[in-house]
Amino acid sequence: MLKHIIFLSTLLIAYLPLFAKSNDPLPRIGIAGIGIESSTFSPALSTEAAFTIKRGEQIYTSYPGFMQTGSNVRSRAVWLPAVTARSLPGGAVTREAYETMLGYMLDSLKKNLPYDGLFFDIHGAMSVVGLDDPEGDMITRIRKITGPKTIISTSMDLHGNVSMRLAQQSDLITCYRMAPHEDAQETKQRSVEQLLQRLESGSGKPKYKAWIPVPILLPGEQTSTRIEPAKSLYENVRTAAVKDGVIEAAVWMGYPWADEPRNHGVIMVTGDDKEAVTNAAEELANHFWRVRNEFHFVAPTGNLKECLDKAVSSEKHPFFISDSGDNPTAGGAGDVTWSLQQILARKEFKKPNGPVLMYASIPGPDMIKKALAAGVGGKVKGLVGAEVDSRYAPPLLIEGTVYAIREGDANAGVEAVIQTGSVFVIVTQKRKPYHKEADFTNLKLEPRKAAIVVVKIGYLEPELYNMRADWLLALTPGGVDQDLARLPYKSIQRPMFPVDKNIPEPDLKVRWVKSSDEVAVN
Ligand SMILES: [Zn+2]
């Protein structure tokens, strides 16, 4: 019997979009969003080519945990996935790329009107050349199409920024509670579940949306939820979110490598009970402010020389060093050569029998051509890096032996490992983050057996973290410099912790956000 019901409902779901009208019992829900984290302190620009654009049913593949065919979530609505676009972090998005991708999305949304709900899946730290608050702009232009009645549920990264405009047009809103973002799917699912529940129960938009700006702007490397004080702060987010009268509670750390007035910490709580929402929001805001001086880097830090000196003399291997200033997954260009130049200049690594150091990674499309021509075991000599960001060091000449080649990587295109002395340099056709053990083993490298592994990264992603015998975070130069005092801020609100000292007690009372019904968008 159950099997028949499932079979029949699958059939019904499959054909519903063909017959769906606005009076259908199942809610009609769109899916849309453009997501990138982009640094305005990097000379890199992101074009449409940097994005993976998904359309229609392809979009379900972004939510493998809860939106697969036949899932409970899929059966509870007429889903109308429009267009999503995602990119690795990078430089600011060109205005042309933004308008083009937004155009695809808005055109697609227009085709399936009307919408009872919309799942707005974004990162929240996109910068667009010549446009402040792109996510606020994007949701406003979506709202012009859907109209005021649609319930928009916004799901974000905790490193995103929440402007008042984004808060007003979002009816439900949340962000990750873990950094590293091990709860990414869980967060998106929660955002969708809350939307479904409000639609199914007929309770509609939340009665109250509280927004509290907190004048704190810190790099993610100081606010990892693996350690205090962020650990307890985010545990309290979970506690606040399940209180009676509260729908959702969230804390955004904001994104420090873009210079906009919206970039700072934010608390948001939504719910139907004014007092419960107020208390939850103000408690979280006070908690965040109270612990501001306790945020520290997730690993001991040093300049690159100090880190290399310690790693070379250490007995713990593999010794990881984060080359953090050019971390491509925070928005760095990923092709700064400064650190690799320092490494290759050191005498310990000049001979093949020196301590094995793996360096991940540096883009070098010309070197890739040479490596492909020479083949594994062949000798190569050529320039790598500094095509995008040459502010700290020029393209770097590498001479060595091709140790491995791998073609067809989704991000890198082609990867080649060039051995020079005891250093194994991973050169890529296009930039790629190295977060997993397989990223190394696919290239015949065994990071567990290396003396030192240097990665363009901030905090270590879980697989690398679990593999490390020791770890230092090198404060290297680049578009996502961890030393915020070195960044030339002009537009963020001041005073801001920790850039400014002696900040007076901020007003951490709730600001009530207008319902999207009350905010005209035309
Ligand atoms: Zn993030």
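For the structure, see preceding data.
For the structure given in this document, a descriptive report is provided here. Note on numbering: residues in each chain are counted from 1, in written sequence order. Restriction of local features to residues with pLDDT of at least 70 applies here, the model being predicted, together with a cutoff of 80 or more for giving and counting side-chain atom pairs; totals for whole chains, interfaces and linings are based on all residues. In computing side-chain properties, one takes all heavy atoms of the structure into account and sets aside hydrogens as well as water.

1. Remarks on the side chain of His 123
Put simply, the rule is: Under the DSSP-based scheme used, a helix requires at least four consecutive residues in state H or I and a strand at least two consecutive residues in state E, with every element numbered from the N terminus. Burial here depends on accessible area, computed with a 1.4 Å probe over protein chains only, as a share of the maximum for the residue type. Under 20% is buried, over 50% is exposed, and the range in between is partly exposed. Under the rule applied, a polar contact is a pair of N or O atoms within 3.5 Å (in protein, one hydrogen donor and one hydrogen acceptor; residues adjacent in sequence only if both atoms are side-chain atoms). Only heavy atoms enter the contact rule, under which two residues are in contact if any of them lie within 4.5 Å.
Tracing the backbone shows His 123 in the loop between strand E7 (117–121) and helix H4 (134–146). Using a relative accessible area of 13% as the deciding quantity, one classes His 123 as buried. For His 123, the side chain forms a polar contact with the main-chain nitrogen of Ala 125, separated by 3.2 Å. Beyond its immediate stretch of four places on either side in the chain, His 123 contacts Ile 34, Gly 35, Ile 36, Glu 37, Met 156, Asp 157, His 159 and Gly 160.

2. A few points about the coordination of the zinc ion
Keep this limit in mind: Note that water is not among the atoms used; donors are N, O and S atoms within 2.8 Å of the metal (3.2 Å for Na, K and Ca), so sites may look incomplete. Square planar and octahedral sites, with four and six donors, are those where opposite donors lie more than 155 degrees apart and all other angles lie between 65 and 115, tetrahedral sites have four donors with every angle between 85 and 135 degrees, and the rest are irregular.
The coordination sphere of the zinc ion, as far as protein atoms go, consists of Asp 157 (OD), Asp 157 (OD), His 159 (ND1) and His 181 (NE2), spread over 2.1 to 2.4 Å. Taken together, the 4 donor atoms coordinating the zinc ion and their angles of 54 to 141° define a geometry best described as irregular. Written as a sequence motif, the donor arrangement for the zinc ion is D-x1-H-x21-H. Highlighted residues: His 159 in the loop between strand E8 (151–156) and helix H5 (164–169) and His 181 in the loop between strand E9 (172–175) and helix H6 (184–201), separated in sequence by 22 residues. For His 181, a relative accessible area of 24% corresponds to the partly exposed category.

3. Concerning the pattern of salt bridges
Pairing of side chains with opposite charge becomes possible as their charged atoms draw close. This is how the line gets drawn: The rule for a salt bridge is simple: a side-chain nitrogen of Lys or Arg has to be within 4 Å of a carboxyl oxygen of Asp or Glu.
Scanning the entire structure with this criterion turns up 38 salt bridges. Across the salt bridge formed by Arg 406 and Asp 409, the nearest N and O atoms sit 3.1 Å from each other. Glu 437 is paired through a salt bridge with Arg 448; the nearest N and O atoms lie 2.7 Å apart. With Glu 437 in helix H12 (residues 437–441) and Arg 448 in the loop between H12 and strand E20 (452–455), this pair connects stretches of sequence that are 11 residues apart. A relative accessible area of 48% places Arg 448 in the partly exposed class.

4. Here's the deal with the sheet that holds strand E12 (residues 265–271)
Rules: A pair of strands is labelled paired if DSSP reports no fewer than 2 bridges between them.
Taken in spatial order, the 4 strands line up as E11-E12-E10-E22 in an open sheet, and their pairing is antiparallel. If you trace the sheet from one side to the other, it starts and ends with strand E11 (246–252) and strand E22 (511–512), each paired once. Where strand E10 (residues 208–214) meets E12, 7 bridges bridge the pair, whose relative direction is antiparallel. Along E12, the bridge assignment pairs Pro 213 with Val 266.

5. Regarding the side chain of Arg 292
Under the convention used in this document: Note on charges: Lys and Arg go in the positive column, Asp and Glu in the negative column, and His and the chain ends are not counted at all.
Among the secondary structure elements, Arg 292 is positioned in the loop between helix H8 (274–290) and strand E13 (301–302). The buried charged residue Arg 292 lacks any salt bridge, with Glu 505 as its nearest oppositely charged partner at 4.2 Å. Apart from residues lying up to four places away in sequence, Arg 292 is in contact with Ile 216, Phe 497 and Glu 505.

6. Some words on the packing of aromatic side chains
For any pair of aromatic rings, the description consists of the separation of the ring centres together with the inter-plane angle of the planes. Heads up, the condition is: Ring geometry is summarised as follows: Phe, Tyr and Trp rings, the Trp one being its six-membered ring, pair when their centres sit within 6.5 Å, and such pairs are stacked at plane angles under 30 degrees, edge-to-face over 60 and tilted between the two. Whether a charge lies above a ring is judged from NZ of Lys or CZ of Arg, which has to be within 6 Å of the ring centre and within 35 degrees of the ring normal.
Across all of its chains, the model carries 9 aromatic pairs by this definition. The interplanar angle of 85° and the centroid separation of 6.0 Å between the aromatic rings of Tyr 465 and Trp 471 together place this pair among those described as edge-to-face. You can call Tyr 465 partly exposed: its relative accessible area is 24%. Among the aromatic side chains, those forming a connected cluster through ring pairs are Tyr 63, Phe 66 and Phe 119. Looking at Arg 226, its charged tip hangs above the ring of Tyr 465, at a distance of 4.0 Å from the centre. Sitting above the plane of the Tyr 465 ring, Arg 468 keeps its charged end 4.0 Å from the centroid.

7. So, the pairing of E7
Where burial is concerned, most of E7 is hidden: 5 out of the 5 residues are buried. Of the two faces of E7, the one holding Gly 117, Phe 119 and Asp 121 and the one holding Leu 118 and Phe 120 are both buried throughout. Sheet topology places E7 next to E8; 5 bridges connect them, and they run parallel. What sits directly across from Asp 121, in E8, is Ser 155.

8. Looking at unusual backbone geometry
Residue Pro 114 follows Leu 113 across a cis peptide bond; omega there is 0°. Tracing the chain through its elements places Pro 114 in the loop between helix H3 (95–111) and E7. The omega torsion of the bond from His 317 to Pro 318 falls at 0°, within 30 degrees of zero and hence cis. In this fold, Pro 318 is placed in the loop between helix H9 (304–313) and strand E14 (319–323). Not every positive phi belongs to a glycine, and Ala 386 is a case in point at roughly 60°. Considering the arrangement of structural elements, one finds Ala 386 in the loop between strand E16 (379–384) and strand E17 (396–409).

9. Section: the nonpolar core
Threshold: What makes a nonpolar core is a set of buried Ala, Val, Leu, Ile, Met, Phe, Trp, Tyr and Cys residues whose side-chain atoms join them at distances within 4.5 Å.
The biggest cluster of nonpolar side chains holds 100 residues, and the ones touching the most others in it are Leu 109, Met 138, Val 162, Ile 267 and Phe 440. In terms of residues, this core owes the most to one element, H8, which gives 8 residues. With sequence-adjacent residues up to four places away left out, Phe 440 is seen in contact with Met 358, Ala 360, Ile 426, Tyr 434, Leu 445, Pro 447, Val 453, Val 455 and Leu 464. Counting residues in each nonpolar core, the second largest holds 32 residues, with Leu 304, Ala 311, Ile 343 and Leu 396 among its members.

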